[in-house]
Amino acid sequence: MTASRPSNGPARNRVDPFGDVVAAAGLGDLMGNRGRLHDGAGTRDVRRHHVGRAWITCVLDFRGRRVRQWDPAHYTPLFFLDEALALAAGHRPCAECRRADFSRFRDLVAAAHRTTHLPAPGLDGLLHDERWDARRRTRRLHAYAWGDVPDGAYVLLGSGPAVVTDGGLLPWQPDNTYAASLLERPRAGVATVITPPSSVEALRAGYEVHVGRRPGTSQASPSSSSENA
């Protein structure tokens with residue numbers, strides 16, 4: 001995975017709804033990681049799509065911990081516009097810095113799969129199989145009736161990705177922001193859903209996500225938790 005970026009452009013550390021790491025100016029509400037995707041200091045670019053199955057999202061500030069960007073000894077910090085996008089990309093809440101969110105998300109996914117025991121590695125394996133076609137090395141998409149798609153899930157329209165809200169469909173833009181206006185949600189037919197099915201089930205069961213970057217949120221050096229992919 002060897003895309004380049006302009007030397008004066010934004011760093012390639014934002015995540016789009018498909019889970020690809022892109023260079024975009026729009027800031028994010030969450031950070032996270034899926035292992036070390038860069039080669040080391042000085043490259044400022046990612047070389048791998050993911051390392052391992054633990055794809056997590058973290059808060060931007062946690063106990064004053066910080067991890068340096070592009071450090072050759074650490075994972076690659078990634079940034080997400082909001083949690084709706086992070087779930088669409090295939091990530092889940094960190095079990096340390098977002099423990100309450102992780103527990104609720106895991107329990108809702110476990111209930112959807114009719115089990116009471118779903119440790120983090122099992123959850124990671126489940127999400128990985130739903131988001132990634134290992135044989136083709138491509139992203140998996142899923143078909144749902146429009147009436148079965150909950151608020152907070154991402155769908156793929158002819159114009160690109162959009163998040164489902166109670167007011168309609170809010171298109172995501174390549175600069176990592178949302179469009180200024182909503183599109184009407186179809187009342188019938190089949191939707192192409194980007195969000196993995198287990199995350200869709202968690203949303204349907206009441207897992208709440210914020211859509212859009214929270215006002216006043218700064219994005220400085222990324223925080224660090226001990227749950228490193």
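Details of the structure are given in the entry above.
Residues numbered from 1 in each chain as written. Predicted model: local features only at pLDDT ≥ 70, side-chain atom pairs only at ≥ 80, totals over all residues. Heavy atoms only, no water.

Another point: the environment of Val193. Mapped onto the secondary structure, Val193 falls in strand S14 (residues 190-193). Val193 sits 49 residues away from Tyr144 along the chain, and the two C-alpha atoms are 6.8 Å apart. Beyond its immediate sequence surroundings of up to four residues, Val193 is in contact with Leu141, His142, Tyr144, Val149, Tyr154, Val155 and Val200. (Helix = DSSP H or I, 4+ residues; strand = E, 2+ residues; numbered from the N terminus. Contact = heavy atoms within 4.5 Å.)

Across three bridges, strand S1 (residues 12-15) lies against strand S2 (residues 21-23) in antiparallel orientation. Within S2, the position partnered with Val15 by the bridge is Val21. Here S1 folds back onto S2 in antiparallel fashion, the turn holding five residues, of which Gly19 has a positive phi close to 90°. (Pairing = 2+ DSSP bridges.)

For the rest of this paragraph, the subject is the state of the cysteines. In this structure the tally under the stated criterion is zero disulfides. The thiol sulfur of Cys58 is not disulfide-bonded, and the nearest other cysteine sulfur, from Cys97, lies at 3.8 Å. As a non-bridged cysteine, Cys97 has Cys94 as the owner of its nearest cysteine sulfur, 3.8 Å distant. Overall, Cys97 belongs to the buried group, its relative accessible area being 13%. (Disulfide = S-S within 2.5 Å. Buried < 20%, exposed > 50% of the residue type's maximum accessible area, 1.4 Å probe, protein only.)

Think of a ball as big as a water molecule: rolled over the atoms, this probe shows where empty space is left. Put simply, the largest pocket is a space of about 210 Å³. Taken together, Asp29, Leu30, Val59, Leu60, Asp82, Glu83, Arg98, Asp101, Glu208, Val209, His210 and Arg214 make up the full set of residues lining the largest pocket. Taken together, the residues that form the lining of the largest pocket break down as four nonpolar, one polar and seven charged. (1 Å grid on protein atoms, 1.4 Å probe; cavity = no way out; pocket = protein on both sides within 12 Å on 5 of 7 lines; lining within 4 Å. Points joined across faces, edges and corners; volume = space filled by probe spheres on them. Nonpolar A, V, L, I, M, F, W, Y, C, P; charged D, E, K, R; others polar.)

With that settled, consider the environment of Arg139. Here Arg139 is to be found in strand S8 (residues 138-139). When its relative accessible area of 18% is taken as the criterion, Arg139 is described as buried. For the pair Arg139 and Phe18, spaced 121 residues apart in the sequence, the C-alpha separation amounts to 7.0 Å. At 3.2 Å, the side chain of Arg139 forms a polar contact with the backbone oxygen of Arg131. One polar contact links the side chain of Arg139 to the main-chain carbonyl oxygen of Ile194, over a distance of 2.8 Å. (Polar contact = N/O pair within 3.5 Å; in protein donor to acceptor, adjacent residues only side chain to side chain.)

Let us now look at the nonpolar core. Side chains of a nonpolar character, in soluble globular proteins, are inclined to be buried together. Among the nonpolar cores identified, the biggest contains 26 residues, and Phe105, Leu123, Val149, Val155, Leu169, Val193 and Tyr207 are the most heavily contacted of them. For this core, the secondary structure elements donating two or more residues are helix H2 (99-112), helix H3 (120-131), strand S10 (154-157), strand S11 (160-165), S14 and helix H4 (197-204). (Core = buried A, V, L, I, M, F, W, Y, C linked by side-chain atoms within 4.5 Å.)

Another aspect to go through is H3. Helix length check: H3 (12 residues) gives 16 Å between terminal C-alpha atoms against 16 Å at 1.5 Å per residue, within 8%. Within H3, the full set of buried residues consists of Ala120, Leu123, Asp124, Gly125, Leu127, His128, Glu130 and Arg131. (Expected span 1.5 Å × (residues − 1).)

Now for unusual backbone geometry. The backbone of Arg114 shows a phi angle near 55°, a positive value even though the residue is not glycine. Within the secondary structure layout, Arg114 lies in the loop between H2 and H3. Accessibility expressed as a relative area gives 81% for Arg114, which makes it exposed. Backbone geometry at Arg137 places phi at a positive 55°, although glycine is not the residue there. Position of Arg137 relative to the elements: it lies in the loop between strand S7 (132-133) and S8.

Turning to the packing of H2 against H4, a few remarks are in order. Close contact between H2 and H4 brings their axes to 8 Å; oriented N to C, the two are set at 105°. Classified by the interaxial angle, the pair formed by H2 and H4 is roughly perpendicular. Where H2 approaches H4, its residues Phe105, Leu108, Val109 and Ala112 are matched on the opposing element by Ser198, Ser199, Glu201 and Ala202. Per-class residue counts for the contact of H2 with H4 are five nonpolar, two polar and one charged. (Axes fitted to C-alpha atoms, helices over the stretch in contact; angles between N-to-C directions. Parallel < 35°, antiparallel > 145°, perpendicular 65-115°, else oblique.)

Before going further, it helps to spend a moment on the packing of aromatic side chains. Under the criterion given, the structure shown has one aromatic pair. Taken together, a centroid distance of 5.4 Å and an interplanar angle of 70° make the contact between Phe105 and Tyr207 edge-to-face. On the criterion of sequence distance, the pair formed by Phe105 in helix H2 and Tyr207 in the segment after H4 is long-range, its members being 102 residues apart. The same class applies to Phe105 and to Tyr207, which are both buried. Between the NZ or CZ atom of Arg34 and the centre of the ring of Trp55, over which it lies, the distance is 4.0 Å. Positioned above the aromatic ring of Trp55, the side-chain terminus of Arg131 is 3.7 Å from the ring centre. (Phe/Tyr/Trp six-rings, centres within 6.5 Å; stacked < 30°, edge-to-face > 60°. Lys NZ or Arg CZ within 6 Å of the ring centre and 35° of its normal.)

So far we have only geometry, and geometry alone does not tell us how the molecule works.
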